[in-house]
Amino acid sequence: MLDYALKKSVQLVVTIFGVVTLVFFTLRLIPGDAASAMAGDTMSGEALELLREQMGLNEPILAQYAAYLRDLVTLDLGQTITTRLPVAEMIGKAIPVTLSIAVLTIVLTVIISIPLGTVAAYMAHKGRARLDNLLTGFAMIVDLMPSFWTALVFLLLFSLTLGWFPASGMVSLDDPAVFLSRIALPVLVLSVTQIATMARITRTSVLEILSEDYVRTARAMGWSEFRVLFRHALKNAALPIATVIGLSFGNLLNGTVIVEFIFTIPGIGNLLINGINSRDYQLVQTLIVFYALLFVTINFITDIVYRALDPRVTF
Amino acid sequence: MTYQSDVAATLLEVRDLRTEFDTRTGTVTAVDGVSFSVAKGERIAIVGESGSGKSAMAMSLLRLLAHPGRVAGGQVLLDGRDLAGLSERALNAIRGREVGTVFQDPMSSLDPVMKVSRQMVRPIMRNLGLGRDDARTEAIRWLDKVGIPDAARRIDAYPFEMSGGMRQRVMIAMALSCRPRLVIADEPTTALDVTIQAQIVAMLKDLTAEAGAAMMFITHDLGLVARFAHNVAVMYAGRIVEFGPVGAIFAAPQHPYTQSLLRTIPSVDGLRNTRLAQIPGLPPDMRRKPAGCAFRARCAVATDRCARDLPELGPRPGGLAAACWVEGGLTAAPVRPEPRRKPARIAPGKRMTVEINNLVKHFEGRSLLSKNRSVVRAVNGVNLRVRNGETLGIVGESGCGKSTLARLLLGLEQATSGEIFIEGLAQMIFQDPFSSFNPKMRIAGIIEEPLAVQRWGDRAERAARVEDLVAKVGLDPSHLDRYPSQLSGGQRQRVAVARALALNPSVVVADEPTSALDVSVRAQIINLLADLKADLGISFVFISHDLLTVRYIADRIAVMYLGEVVEYGPAEDVFDRPVHPYTRALIDAVPIPDPKLEAGRSNAPLKGDLPSPLDLPEGCAFAARCPMASDLCRTEKPVLKKHRTSQEAACHYAN
Amino acid sequence: MANETADIRQPRLRLPALSLPRDGVWGNRKVQIALMILGPILVLTALAPLLPLQAPLETNLRATMEPPSIVHPFGTDRMGRDVLSRTLEGVKVSLLVGFSVATIALVAGMIFGTLAGFFGGMIDRIVMTIVDIFLAFPSLLLAIGLVAIVGTGLVPVIAAIAMADVPRFIRLQRSQVLSLRSRAFIDAARTVNASQGWMMTRHIIPNTVAPMLVAASIASANAILVEASLSFLGLGIMPPAPSLGNIIRDGQTYLQQAWWISTLPGIVILLIAFSLHFLSDGIREELDPRARK
């Protein structure tokens, strides 16, 4: 186990280093350079030169790289070019918003999708295919709906037509009630897709386990159907499901970008889109690195926890 | 009509049980009207090949069939109460409590993420109404009874921390722990080694007898049932074709199928110079069951009536019942002795096809943190010779290194040290023919591959050679453009043999070539190999855990234990006068299809499991399980040396 | 032992030419349903110029935001453009993106995955380290990042989406090769001294193609969704050139007044993605009988 964790940690460090390096050098591949791309056509030659100087673009590339790594490690992320605000501060403000959306979505997803998938698997196992087909068919369609489209439909339905949720307005963590009412719809949109995915995966895993020999053993010992399903089957399925939750975190992050954009919620996704539109490469670069770090770290943690919880892995 | 022994009151009565599976290609009637009864305390064996419906029948009793299987009709009367009509909830009170079940594969039949204690204690609490502590004590008592060492501690182990034999013991403890009156054991020893099998069977017999429980033992191994059953039911194509007391079934079977099955099994003391009797053809496809008797296509005495009418069980001499229109079955026809087997031409003198000197293969596990690397000593200093035209049989339990030895011979593994000399080419027949074929290739391509790789001849010559090979192994040439999935197990193994012969090898290594095959097909393949051996004069290395088959086909036998050869000599000598205590134990563990002989055998199975090849003991590797081990054995390793004229054994106390 | 009889299949019957095939991939119900949805969409898209529809870029300020009617089955947008005609033009883009991305991912995945899996060692380590780095980015975010740098438009979008899929395909192919490499039929080929090239071309690659095709058909559906998302965010196909994503974006502002502009093209995306998934499901069922319910 320790061996495995060590090996994975080394891998994680290599990957993170690779991500950082990749992002840095890709940005340097832009025709012209970042400064001129950023400046567009509006800036004079002198101003551009000043910008270059500020961004350190006149240094040798390896020196720039070293400085960049040092800044990252010390969290000295510089200032945005357009607003002149410290990048670290901007991201720091946006992170809690995005994370609240993500965490709420995960909680909602787990609460709904796992029982749903388990019941569907049970139905399928018993050959009562009609309900299962309905459920899986529905899950498949929802799963394939583009999240921005779902968001618009929800917006139209729940906000504009039914008026249940505010469509816009300030988002601030200071007032939890207002905050929740503003992120409720985005969470709902993301959850619908996530629930569909997770319910399908739960169904597949549990269904597979229901035909295992040890489930038959449990039934032969007179365990009730309920106990067989939730004690034996779900417990065994929990481990693969946990891994998938970790992996689907990537899709969740993709989704937050979309819903934050549509519902104008000031999370890191919105920050990213605005950064791209204002050609703020300093900000975009940092955000992309941040997303990748978040994603690989979550996967690393689920992987290790998964292994630690599985008694079959010897220490 | 229901047949039962008149030992005691009836416990279980099955009436006209039918089980169906709804598949995409139609309804399969797996169990087609089965009736029998079991008395209190009786041990009944249900014998049949795969697809005979024996397991489906047993699982139907408690409705443990997985979808799409379902009980389509009939009654299952336990003490007069019909289980087929009970609700799932009512049935749960019977499962475990009244009827305990032991399943085939101990490796997959216990929940891998639950401790043994959790799997055992709760059913005991519920079924016997005990408190948690009492239930735990009871569970430990049972684990102790089934021979789990240090049961009080091991009860909190996870199943993966135990060997297959240990897990099967846990299964048995679980099945018996709620004091059921009937124990259903569905092929409980099929996945286990022969010495462990002997332990498990003996234990099941003793414990059910002690508890006064009846036992229903489902198996494909007719030989195994002679050891313990009172009554035997033989199933074929979903029906019981013969039923009766074990003595009569073995002494004078009445149904042609039972009669043929008994003849196909090579015997311990039987003649080696006649061909094995074989049942032609294959069991019927249960999706398109023929009218009349299902066995008639393979039956030597079938009449017109067999094609028309389905025979019911009818009384026969010896208290037997058989479902056959021909009174006496095969005995009605004149007995034709099996033709003599062609003797192999073993080249005299010292010409060796295979010479193995001091062969060692260690597998190393690596670890980032700890410095001590774990070493598995799979093959640990083996010396063997195979003469031209000779067949060397290698026997031993799983983990003894016999398969690694085969892979070394074929160059599929690199030896750690030692030498292998092969004059000519070695080829291999794999254990599972299906996985040894590329599923995307047709049979013709599979057989042609060795020729094509070696650029042997041109396309037409190769095609001719393939036709030739196919004829040699007795395969219909029309199968050449099929895919492996479209052939039966026996046909696939014929293809494997043809491929192995394509390049005219000097030695063919066959690793468990018949273990994936049904009993009735097994003899066909063994006869084929025996014929080829005689006709082609090539050497064989025949690796198997099936001692009777090895005895039949091999000229010399090497017995392996934990990577070493512990006994080596002519096949008959090794079997009839074993020198090494391990060889003796192995032979003793082999079930003999004869209740009288079985009764006279020393039924003291070998104790314990195979030690882990990770930490081998210093002295004799067998010392821990050996009844005659002394301090000498535990400290000093015996070497292989000559005993009698032709046998060699590695034991301090041989003779 | 269990499949002694189970695996024997009867030779397939030849069916009369005109009836629906009942066997093989074409006879699979899911494949049939998928083709019944995909077929009309393809035909309509191909025939779009011949249909009596307003051209996709043609505006008509006298008929803005008209609800669906016979003349404009999907209605018109803010500039009086025909939404159906624009949608069909968008489908063309979607399908082009889906097909290109799947092809790139398939080819690159086959090449690098096979090399990494078959030869192992240093090649494997280098390829997999790079794969891991790319897999560290959530797919849409990788595409967003790349488009942000390279710029918008059809080719950058295809490249950006393919960038996220290629590593996944390499990984899949590699794991397939690894598991095939330990199969007994590879051992059988080794015993007759078959060369590495022989084993790769005769045994390994033919057995990996089918699952890769299944993955490619799913990847094409996902690529269509990602392209739509990018265009929706204003980072993909730029207006006035229509794409399903930017049509929906256009309609976003008028959601209350003209719901059809956003919703109807969305349903078209859904139908395409759905049928591609169904197609891959059906193919998988036919190739692997165990996948059937």
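Worth saying up front: this structure is predicted, and the values here are computed from it rather than measured.

(A) Up close: the pattern of salt bridges. All names here are of chain B. Enumeration according to the criterion identifies 46 salt bridges over all chains in this entry. E13 is paired through a salt bridge with R15; the nearest N and O atoms lie 3.1 Å apart. E138 is the salt-bridge partner of R141, the closest N and O atoms lying 3.0 Å from each other. Separated by three residues within a single helix, R141 and E138 lie in helix 4 (residues 132–145), roughly one turn from each other. A residue is classified by how much of its surface remains accessible, and E138, at 8% relative accessible area, is buried.

(B) Here's a closer look at the side chain of C:S275. Within the element layout of this structure, C:S275 appears in helix 10 (residues 259–287). For C:S275, a relative accessible area of 0% translates into the label buried.

(C) Spatial organisation of the pairing of strand 6 (residues 99–102) of chain B. All names here are of chain B. A two-sided burial pattern is seen for strand 6, the buried positions comprising V99 and T101 on one face and G100 and V102 on the other. Sheet topology places strand 6 next to strand 7 (residues 182–186); four bridges connect them, and they run parallel. The partner of V99 across the bridge, within strand 7, is L182.

(D) Molecular detail of the confidence of the model for chain A. Per-residue pLDDT for chain A averages 83, and the proportion of residues at 70 or more is 89%. Confidence, expressed as mean pLDDT per element, reaches its minimum in chain A at helix 2 (residues 34–39) of chain A with 62 and its maximum at helix 9 (residues 213–220) of chain A with 91.

(E) Representation of the state of the cysteines. In the structure shown here, the tally under the stated rule is zero disulfides over all chains. Counting only cysteine sulfurs, B:C306 is the nearest neighbor of B:C293, a cysteine outside any disulfide, at a range of 5.8 Å.

(F) Main features of the packing of helix 7 (residues 147–161) of chain A against helix 10 of chain C. Relative to each other, helix 7 of chain A and helix 10 of chain C sit at 140°, their axes nearing to 10 Å. Taken together, the axis directions place helix 7 of chain A and helix 10 of chain C in an arrangement best described as oblique. Where helix 7 of chain A crosses over helix 10 of chain C, the two elements pack in a sense that is left-handed. Touching A:F148, A:W149, A:L152, A:V153 and A:L156 of helix 7 of chain A are C:W259, C:S262, C:T263, C:G266, C:I267, C:I269 and C:L270, all from helix 10 of chain C. Across the contact of helix 7 of chain A with helix 10 of chain C, the residue classes break down as nine nonpolar, three polar and no charged.

(G) Quick look at helix 9 (residues 244–252) of chain C. Of the positions making up helix 9 of chain C, those classed as buried are C:L244, C:G245, C:N246, C:I247, C:I248 and C:G251. Residues of helix 9 of chain C that are buried sit in contact with helix 7 of chain A together with helix 3 (83–119), helix 8 (196–232) and helix 10 of chain C.

(H) Geometry of a positive patch on the surface. On the surface, A:R231, A:K235, B:K115, B:R118 and B:R132 cluster together into a positively charged patch. Relative to the elements of secondary structure, B:R118 occurs in helix 3 (residues 116–128). You can call B:R118 partly exposed: its relative accessible area is 37%.

(I) Broad picture of the packing of aromatic side chains. Tallying each qualifying case throughout the model produces 20 aromatic pairs over all chains. Here the aromatic rings of A:F25 and A:Y65 are separated by 5.1 Å at their centres, their planes lie at 45°, and the arrangement is tilted. With a gap of 40 residues between them, A:F25 in helix 1 (residues 2–27) and A:Y65 in helix 4 (residues 61–73) connect regions that are remote in the sequence. Looking at A:F25, the relative accessible area reads 29%, which means it is partly exposed. Taking the centre distance of 5.1 Å and the plane angle of 80° together, the rings of A:F154 and A:F158 count as edge-to-face. Taken together, the residues span about one helical turn, with A:F154 and A:F158 both in helix 7 at a distance of four residues. Taken together through their ring pairs, the aromatic side chains of A:F24, A:F25, A:Y65 and A:Y68 make up a single cluster. Here B:R465 stacks its cationic end above the ring of B:W456, 6.0 Å away from the centre of that ring.

(J) View of the interface of chain A and chain C. Counting residues at the interface gives 43 residues for chain A and 39 residues for chain C. Of the roughly 3,700 Å² buried where chain A meets chain C, counting both sides, 80% is carbon and sulfur surface. Considering only the surface of chain A that becomes buried against chain C, A:L144, A:F148 and A:W149 emerge as the three largest contributors, covering 18% of it. Taken together, the connections running from chain A to chain C amount to zero salt bridges. Residue contributions to the side of chain A that touches chain C peak at nine residues, all from helix 1 of chain A. Grouping the constituent residues of the side of chain A that touches chain C by class yields 32 nonpolar, nine polar and two charged.

Scoring rules and cut-offs
Residues numbered from 1 in each chain as written. Chains lettered and ligands numbered in written order. Predicted model: local features only at pLDDT ≥ 70, side-chain atom pairs only at ≥ 80, totals over all residues. Heavy atoms only, no water. Salt bridge = Lys/Arg side-chain N within 4 Å of Asp/Glu carboxyl O. Helix = DSSP H or I, 4+ residues; strand = E, 2+ residues; numbered from the N terminus. Buried < 20%, exposed > 50% of the residue type's maximum accessible area, 1.4 Å probe, protein only. Pairing = 2+ DSSP bridges. pLDDT = per-residue confidence, 0-100. Disulfide = S-S within 2.5 Å. Axes fitted to C-alpha atoms, helices over the stretch in contact; angles between N-to-C directions. Parallel < 35°, antiparallel > 145°, perpendicular 65-115°, else oblique. Left-handed = near helix turned anticlockwise from the far one by under 90°. Contact = heavy atoms within 4.5 Å. Nonpolar A, V, L, I, M, F, W, Y, C, P; charged D, E, K, R; others polar. Patch = residues over 30% accessible without salt bridge, like charges linked within 9 Å, V, L, I, M, F, W, Y side chains within 5 Å. Areas by Shrake-Rupley, 256 points an atom, 1.4 Å probe, with all protein chains shown as cover. Lys, Arg positive; Asp, Glu negative; His and termini not counted. Charge placed at Lys NZ, Arg CZ, Asp CG, Glu CD. Phe/Tyr/Trp six-rings, centres within 6.5 Å; stacked < 30°, edge-to-face > 60°. Lys NZ or Arg CZ within 6 Å of the ring centre and 35° of its normal. Buried area = accessible area lost by both parts, 1.4 Å probe.

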